[in-house]
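# Descriptive structure summary
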Amino acid sequence: MIALCGCWGCTLSFLDMDERILSLTTKITIERSSLTDIKRIKRRSAIGFIEGGVANEDNIETLRHFRENCDILISVGACAIWGGVPSMRNVFELNDCLSEAYIDSPTAVPHALPIVPRHPDIPRLTTKVYPCHEVVKMDYFIPGCPPSADAIFDVLDDLISGRPVQLPKSLNHYD
Ligand code: SF4
């Protein structure tokens, strides 16, 4: 599981599976994840969970890397599915957002030279925040902000057990 432009709340829901994760460790091997901090997937993986939408060029590269290396890719949570809170900037021009954050903000440092930070090591923002399925094909969607640990576990357990994914309506809702 990897986090793109999100708040890590969906990743915390993943961890909220608690001891149920232990029951799965005999069946799965965790490759790249926020738990292991491994940057690249070293061998083809069965399932990739994606938190967050696509807000910069690094997110695009990471998402494509997952698509190329995972048989099944799953959007986890509102940000991955439709952009979520970060996509609220989509109604404004990117330059206006950056000015508001770094130059016109009431918390900007007084008397400091007003600049928007730019550096080769800082990923370039995309003009809009995109849901994952607008960048690569996604196979499943687990709604919620965040989805419950039960929802994530149900989907994972179905896939590992070779069953069709059938998230019950009580867990499959977009409100
Ligand atoms: S869907 Fe909600 S919990 Fe998940 S990353 Fe987005 S804001 Fe955070």
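Residues numbered from 1 in each chain as written. Predicted model: local features only at pLDDT ≥ 70, side-chain atom pairs only at ≥ 80, totals over all residues. Heavy atoms only, no water.

## Concerning the sheet that holds strand S2 (residues 45-51)
Sheet strands line up and pair through hydrogen bonds in the backbone, either parallel or antiparallel. As a reminder, the rule being used: At least two bridges found by DSSP between two strands are what make those strands a pair. The helix and strand labels rest on DSSP assignments: H or I over at least four residues marks a helix, E over at least two residues marks a strand, and numbering proceeds from the N terminus.
With respect to topology, four strands assemble into an open sheet ordered S1-S2-S4-S6, the strand pairing being parallel. In the strand order of this sheet, the two ends are held by strand S1 (2-3) and strand S6 (140-142), each with one partner. Note: strand S4 (residues 70-76) against S6, three bridges, orientation parallel. The residue of S6 that forms the bridge with Ser75 is Phe141.

## Observations regarding the pattern of salt bridges
Short version of the rule: Counted as salt bridges are all cases of a side-chain nitrogen of Lys or Arg within 4 Å of a carboxyl oxygen of Asp or Glu.
Evaluation of the coordinates by the stated rule reveals nine salt bridges. For Glu57, the salt bridge is made with Arg124, and the minimal N-O distance between the two is 3.3 Å. Here Glu57 is found in helix H3 (residues 57-69), whereas its partner Arg124 is found in the loop between helix H5 (94-102) and strand S5 (125-130), with 67 residues between them in sequence. Through salt bridges with shared partners, a single network forms among Arg67, Lys137 and Asp139.

## A closer look at H3
As a reminder, the rule being used: Expected helix span is taken as 1.5 Å per residue step, with the number of steps being one fewer than the number of residues. Only protein chains enter the calculation, and the probe is 1.4 Å; a residue is then buried if its accessible area is under 20% of its type maximum, exposed if over 50%, and partly exposed in between. Whether two residues are in contact is decided by their heavy atoms: any pair within 4.5 Å suffices. By the criterion applied in these results, polar contacts are pairs of N or O atoms within 3.5 Å in which, for protein atoms, one can donate a hydrogen and the other can accept it, and in which residues neighboring in sequence qualify only through two side-chain atoms.
In this model, H3 (13 residues) spans 19 Å end to end at C-alpha, consistent with the 18 Å of a helix rising 1.5 Å per residue. Within H3, burial applies to Asn59, Thr62, Leu63, His65, Phe66, Arg67 and Asn69. Its buried side turned inward, H3 meets S1, S2, strand S3 (54-56) and S4. For H3, the side-chain oxygen to backbone nitrogen distance between the N-cap and Asp58 is 2.9 Å, and the N-cap itself is Asn56.

## Quick look at the pairing of S4
Of all seven residues that make up S4, five are buried, and the element is covered over most of its length. Here S2 pairs with S4 via six bridges, running parallel. For Ile50, the partnering residue across the bridge sits in S4 and is Ser75.

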